[in-house]
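# Close look at the chain arrangement
Residues per chain, in single letters:
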2 protein chains.
Amino acid sequence: MWQFEGCDYLLSRLQMDSAPQSKAHGSSFAHRGELQRAKRIVVKLGSAVVTRGDECGLALGRLASIVEQVAMLQSQGREMLIVTSGAVAFGKQRLKHEILLSQSVRQALHSGNTQLKDMSVPVLEARACAAAGQSGLMALYEAMFSQYSTCTAQVLVTNLDFHDDEKRQNLNSTLQELLRMNIVPIINTNDAVVPPPEPDSDLQGVISIKDNDSLAARLAVEMKANLLIALSDVEGLYNSPPGTDDAKLVDIFYPGDQQSITYGTKSRVGIGGMEAKVKAALWALRGGTSVVIANGTNPKVTGHVITDIVEGKKVGTFFSEIKPAGPSVEEQAEMARNSGRTLASLHPDQRSEIVCHLAEMLTERKEEILAANKMDMEVAVSAGHLPSAMLKRLSLTSAKLNSLAVGLRQVAVAAQDSVGRVLRRTRVAHGLELEQITVPIGVFLVIFEARPDCLPQLSALAIASGNALLLKGGKEAANTNSVLHRLIQEALFVHGVQEAVQMVSTREEVADLCRLDKMIDLIIPRGSSQLVRDIQRAAKGIPVLGHSEGICHVYVDADASIDKVLKIVRDSKCDYPAACNSMETLLIHRSILRTPLFDQIIDMLRNERVKIHAGPQLISYLTFSPSEVTSLRTEYGDLQCCLEVVDSMQEAVDHIHKYGSSHTDVIITENKETAEQFLQQLDSACVFWNASSRFADGYRFGLGAEVGISTARIHVRGPVGLEGLLTTKWVLRGDGHTAADFSEHGDMKYVHENLPVGQTLAEQRNSS
Amino acid sequence: MWQFEGCDYLLSRLQMDSAPQSKAHGSSFAHRGELQRAKRIVVKLGSAVVTRGDECGLALGRLASIVEQVAMLQSQGREMLIVTSGAVAFGKQRLKHEILLSQSVRQALHSGNTQLKDMSVPVLEARACAAAGQSGLMALYEAMFSQYSTCTAQVLVTNLDFHDDEKRQNLNSTLQELLRMNIVPIINTNDAVVPPPEPDSDLQGVISIKDNDSLAARLAVEMKANLLIALSDVEGLYNSPPGTDDAKLVDIFYPGDQQSITYGTKSRVGIGGMEAKVKAALWALRGGTSVVIANGTNPKVTGHVITDIVEGKKVGTFFSEIKPAGPSVEEQAEMARNSGRTLASLHPDQRSEIVCHLAEMLTERKEEILAANKMDMEVAVSAGHLPSAMLKRLSLTSAKLNSLAVGLRQVAVAAQDSVGRVLRRTRVAHGLELEQITVPIGVFLVIFEARPDCLPQLSALAIASGNALLLKGGKEAANTNSVLHRLIQEALFVHGVQEAVQMVSTREEVADLCRLDKMIDLIIPRGSSQLVRDIQRAAKGIPVLGHSEGICHVYVDADASIDKVLKIVRDSKCDYPAACNSMETLLIHRSILRTPLFDQIIDMLRNERVKIHAGPQLISYLTFSPSEVTSLRTEYGDLQCCLEVVDSMQEAVDHIHKYGSSHTDVIITENKETAEQFLQQLDSACVFWNASSRFADGYRFGLGAEVGISTARIHVRGPVGLEGLLTTKWVLRGDGHTAADFSEHGDMKYVHENLPVGQTLAEQRNSS
């Protein structure tokens, strides 16, 4: 008599009559990226998803969002099936009202007194609620789906139906027919005819949940679905009971790993809890259906949980039969942090040695690198989707490798005086000495597009500053990056820290990486402003180094020298118009307007084919002028610029404060006082006098190399070299000192004597 | 014939027959905070809110969320009315399907050919759609509200109904009766009987919108509603057309300011656009109903837009008849930034002078300050809701003011060598010189609870470092803060920068302030860890200085001296248990476990009444042990601590890395080598050897004062004094240098010669 057994019996049965359907519809997907190919998808909605928790009314907003996502996936040509709970909740809400009403009428009839206090909603029998709610629930689904012109069909089943071959085949062909007609079948257990649950206070109102996990798994396999998405109120599977110190959400679960999971106590409502869910999921997986268990109630992800899963994003726990080679990105971050700590504790000379070794390999192993790069170039050219500028950046040459090696050797020198430098020494009191020393920041995530030369450069800076790295390159440079990374590991291996620089699989989504706030201390994007903006938006709680805009200004003062103006303006705009440090707005003093200099500037820009957009002030002064700018806050990034007139140096400063991006701004003048005022007043990271904006660059500043240019006001600003990758820690050495010793009644006094710190690390080592 | 006139006529009529209802139900609310008192609320849903845009199906998720919010407000005892669009969209979706079906049948009957390509949905007449959709829309509202046990009623009206006194009174009494019965009236225009719109392609599908703004205003005044919330797809009212460089959302709009608004072009759909909405809003306002115009379609705020408005949050544009005294917080931030720039350009001596002057006033004007503080204390005591620890912090004494003044004088000295210090000088090439100099960060927002002594301290640090400040103190210290702020302004006035430190009104919501990312560069919370965590969560894109947790460890090594252990452990835990730098976990080396030292430690902690929680390792070693910790990551903040055993110094380091918060960690040992390993390996901001964790403090470190302790890895770490409030900028002085000069074909070479920078600012001044 199966119906009197618990859920576990059912599951063990499911496992007994296993090896089901012999994967007739092909095997499940190996990794999340493949989920995009899922054609037939079963979405299982647990009662926690469909209802508003204890109140048991329906969670309408969530349902609407789910309907929207299902309709969207359906419109992409996928076949969608829904297994839903919720009829009980709907019915309960409906019956509660009815019963209160009839009770009060009965009371009024039977007694004169109005003891309405006693009137309470009786415990409603769940199956009765289900029967009362079923029609309303379906009507709601239908009304919602009809807003997307999608038809639905109601299908009520019991697990028993799967045991009878004829019934099962009938169900199968009915569902096939519905899917053929683009109808979304909405499946629920026929609660009215299933046996009542065993007495258990937990069960009230959620009678059907215990069957829905296994029902959904059964159905998914029966219908040869590619994917089963099981939504409830848990994030997924944890390696320890959620809430304990070590609990981590399992991203991908392999059947072989089952032993490493500790199941938590059963969930608040329903039977089975996570263990039953996992068993059902494993059964479906063996049947050839991929499974994702995820939270459908979290307001942050509700909007997109289903489509996110289908798009391969890291949501919930993904069940896979094939364990992918190599560690997960979380494991990589962990390895990087540990190995990075060892790297940080090496002697500066050893870090320097690693970077030198890497520099050597860039030239010695040139052929290997260039061969890999050639492969990437060939793929990119034949695919034909990369713009030519991108192709140029992707390509490595012998010359590029040579100059990279030169840069790396500079970094190696700088590495000898970076980590562990004493910035401040204070004798706090007798026997109590305080030091502030430089230390690495920790673990960086570097995200770079198309430019494989970023890889050794950033790795060298990270190694020199004792930081660990996760590198995420683009697919287009996969071969080159792979070779370069191998060389870096070889260099690191010399001192046993080869795990400090990890290459993240190209499969990993950038947005998923940007959420690893417990594991990553700083994100460094190297690429277009769009990439930087996307990452700034995606980074939850992790600082992002860099700038999203480079709206640089050149101000031509009344006292400017003609020669310098033409030279600097041409260089600032035309030397490399796509660079972030190239000029976007040219501000000229009004007194220049009707002079030959003005014409010379315009002629020069015309000769260089720079398209001019006029600012509102300029337009008001000219009879005929170029077309007006759409916004004074535009980064053109090519041979275009805005030209505007200001009345004074002060107005130029105000204009730049209002419309600039605090990157780099230039004044051209022969008047020292005006220049110093400009340099003093402007807030920007780089302010230049009589020099091209193009000098805003780590190499040109003499920093050796840079990881980027920052416009932040917190942390580093301007070109960021080695020093920007360090933070500090305070080291206090005492002899049993306590704060109480220094209180009113204590016997110690603060001295706070500054001690000398002028020595470099090298000098410190020599003198000790 | 009013019905053939445009919307403007209607509005001008509304304005003509103005002075309506003579504010019989009291005047509108003066500021957003009062909106919480709104008893009767009309929520107007524009068609952009109810529909999914161009597709014209209903936006079910948004509707569900709106229903939830309305039901929630209703359950608080408010009377809610909804004015809705959407019938047309609902009908269109329904009719489209029907028409396609009947067309295909007709085609199949009339012709043999199957030119289904020609089959397209004809342009549907909006009023027909409305009629077809009305019932479905109402059924949907009803089904949704029934999930919250809320009854609804359908009311169809036309603007004409308001012109006939009898009809108007009938409508009025019907609605009053519905509200009396706790029913939510859902009001729509009776589109089937209104005249067709003038031919205009914009109007398709949105026939009813033009009337709904004025209808909602009419209805709100007629029903003496306290608040009208008008939701559409615009954020609110802008001072310039949205999308232009200067456009800013108007937070509060006063009728008198109408001239300062430039209306944008009409909105994408519907007639009237913003101007019509504003006219309707002003009409309602004159009738005594407060109005908020807001975006009901933005996914980020959809969840809560209605309840947020009722709770007084800054959403959309609030219409008020009473212009509050003083500037808005946005204006204050603007003033602070401008005045801050002047402050930053002062001579260091001048900033120092301001701080000195403030220090003097703290003692000279003592009576004034203490009198105000006495008022705050009396209010707090009589209200009786402040815990005694909080009362102690709120109270100022003559002694406290004296020691504050001492601290400020130290800051004044440090101010002479802060802003404008040269950190690095490089000769880039002949005639091209680069400097990296310290500059202020910009504008800080300081949020502090109960402690009025924070105000002068933080202000002094900000002034000394040339930064501007927005101060947001708690209501409980309002009088004290007000006096202290006046003194600060007096001090700033000496050099004309009195606007650099602004006091934000206690009415402003912290969450609203945390969203001013364009105006604030750094948030400094001073208060409980809860406050810090709340602010870290609320701060959108603005860095927050500080730490949310201080889980500090003391590790007792095998080679520790008994005396030092007892002294340091007692001080670290008991000197001030609520402080963030007090010990939370005591780690002891296993070899100590069965020695007299172990017993002495336990006895000492017992004598000090410290409650001990045992770690899992300790439990495994003892026969009887204290109760097990719930988490090894707990900040107790009082006389409790966790006690755990480790096998080695290395295991202690691993434990701290895993469970610590990188605040302050201590080793007690006589073994120098072990100590140095510990100091080197640990990642924390402060690492101490044989000294109490309580030394982690700006004053004790000799920094003069601190704005807080930071555990960030980016920017400053540990106690943050003056230097942590500075950033840098790069100043390059050239003579017409261009990047091209340094290219392969150029005639210049990089020199990158480091120049000396050893001088302090004072020395620089003396030598120049």
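Residues numbered from 1 in each chain as written. Chains lettered and ligands numbered in written order. Predicted model: local features only at pLDDT ≥ 70, side-chain atom pairs only at ≥ 80, totals over all residues. Heavy atoms only, no water.

### As for the packing of aromatic side chains
Worth spelling out the cut-off: In summary, the pairing rule links any two rings of Phe, Tyr or Trp, Trp by its six-membered ring, whose centres are within 6.5 Å, and it sorts them by plane angle into stacked for under 30 degrees, edge-to-face for over 60 and tilted for everything else. Per the convention used, a helix needs a DSSP run of H or I reaching at least four residues, while a strand needs a run of E reaching at least two, with both numbered from the N terminus. Per-residue accessibility, obtained with a 1.4 Å probe over protein chains only, is compared with the maximum for each type, and a residue is labelled buried under 20%, exposed over 50%, and partly exposed between these values. In this analysis the charged atom, NZ for Lys or CZ for Arg, is taken to sit over a ring once it is within 6 Å of the ring centre and within 35 degrees of the ring normal.
For the structure shown, the criterion picks out 14 aromatic pairs over all chains. Measuring from centroid to centroid gives 5.0 Å for W730 of chain A and F701 of chain B, while their planes differ by 45 degrees, and the two rings are tilted. With W730 of chain A in strand β23 (residues 726-737) and F701 of chain B in the loop between β20 (686-691) and β21 (708-710), this residue pair bridges two chains. F701 of chain B shares its class with W730 of chain A; the two are buried. Here a set of aromatic residues connected by ring pairs shows up, and it is made of F695 and Y699 of chain A together with F742 and Y750 of chain B. The ring of Y148 of chain B has R52 of chain A sitting right over it, with the charged end atom 3.9 Å from the ring centre.

### Quick word on the UniProt feature "domain: Aldehyde dehydrogenase" (unreviewed entry) in chain A
Where we set the bar: UniProt positions are given in the numbering used here, feature names are shortened, and annotations may be inferred rather than shown by experiment.
Here, UniProt's "domain: Aldehyde dehydrogenase" (unreviewed entry) annotation points to residues 329-595 of chain A. Counted over residues 329-595 of chain A, helix gives 49% and strand 18%. Its end C-alpha atoms are 62 Å apart.

### So, the packing of helix α20 (residues 562-574) of chain A against helix α21 (residues 596-607) of chain A
Residues and elements named next belong to chain A. Rules: Only the stretch in contact is used when fitting a helix axis, every axis being a line fitted to C-alpha atoms; angles between N-to-C directions are given from 0 to 180 degrees. Orientation categories follow fixed angle ranges, with anything under 35 degrees roughly parallel, anything over 145 roughly antiparallel, 65 to 115 roughly perpendicular, and all other angles oblique. Crossing handedness: left-handed means the near helix sits turned counterclockwise from the far one by under a right angle, and right-handed means the same turn made clockwise. In this description, contact between two residues means that some pair of their heavy atoms is separated by no more than 4.5 Å. Only Asp, Glu, Lys and Arg are considered charged, only Ala, Val, Leu, Ile, Met, Phe, Trp, Tyr, Cys and Pro nonpolar, and every remaining residue, Gly among them, polar.
Two elements in contact, α20 and α21, have axes whose closest approach is 10 Å; the angle formed by their N-to-C orientations is 25 degrees. As the angle between them shows, α20 and α21 are arranged roughly parallel. As α20 runs across α21, the sense of the crossing is right-handed. Across the interface between the two elements, I562, V565, L566, V569 and R570 of α20 pack against L597, Q600, I601, M604 and L605 of α21. Among the residues making up the contact of α20 with α21, the classes are represented as 8 nonpolar, 1 polar and 1 charged.

### Quick notes on the sheet that holds strand β1 (residues 40-45) of chain B
All names here are of chain B. The condition is simple: Strands qualify as paired when DSSP identifies two bridges or more between them.
The strand order across the open sheet formed by 8 strands is β3-β4-β2-β1-β5-β7-β8-β6, and the pairing between neighbours is mixed. In this open sheet, the two edge strands, each paired with only one partner strand, are β3 (151-157) and β6 (252-253). Where β1 meets strand β5 (residues 227-232), 5 bridges bridge the pair, whose relative direction is parallel. Counterpart to I41 in the pairing with β5 is L227. The sheet strands contacting helix α3 (residues 60-75) are β1, β2 (79-84) and β4 (183-189), and the helix crosses β2 at an angle near 155 degrees.

### Some details on the relation of the copies chain B and chain A
Mapping between the two copies of the chain is achieved by a rotation about an axis and a shift along the axis. Here is the rule: Only residues with pLDDT of at least 70 in both copies contribute their C-alpha atoms to the least-squares superposition of the copies.
Once chain B is rotated about the relating axis by 180 degrees and shifted along it by 0.1 Å, it coincides with chain A to within an RMSD of 0.2 Å. Here the copies are linked by what is in effect a two-fold axis. Most of the interface of chain B is mirrored in chain A, where 100% of its interface residues again form contacts.

### Some remarks on the interface of chain B and chain A
This is how the line gets drawn: As used here, buried area is the combined drop in accessible area, with a 1.4 Å probe, of two parts when they are placed together. Salt bridge, as applied in this entry: a Lys or Arg side-chain nitrogen positioned within 4 Å of an Asp or Glu carboxyl oxygen. Between N or O atoms, a polar contact is any pair within 3.5 Å; within protein, one atom must be a potential hydrogen donor and the other a potential acceptor, and residues adjacent in sequence are included only when both atoms are from side chains.
Listed as interface residues are 90 residues of chain B and, on the opposing side, 90 residues of chain A. Counting the surface lost from both chain B and chain A, the interface buries some 7800 Å², and carbon and sulfur atoms represent 53% of this. Taken as a group, Q147, D245 and W730 of chain B account for 10% of the area that chain B buries against chain A, more than any other trio of residues on that side. The tally of links between chain B and chain A comes to 12 salt bridges. The interface formed by chain B and chain A contains 68 residue pairs in polar contact (both at pLDDT 80 or more). Looking at which element gives the most residues to the side of chain B that touches chain A, the answer is strand β23 (residues 726-737) of chain B, with 11 residues. Of the residues assigned to the side of chain B that touches chain A, the class counts are 41 nonpolar, 25 polar and 24 charged. Alignment of β23 of chain A against β20 of chain B, held across 5 bridges, turns out to be parallel. If you follow L732 of chain A over to β20 of chain B, its bridge partner there is F688 of chain B.

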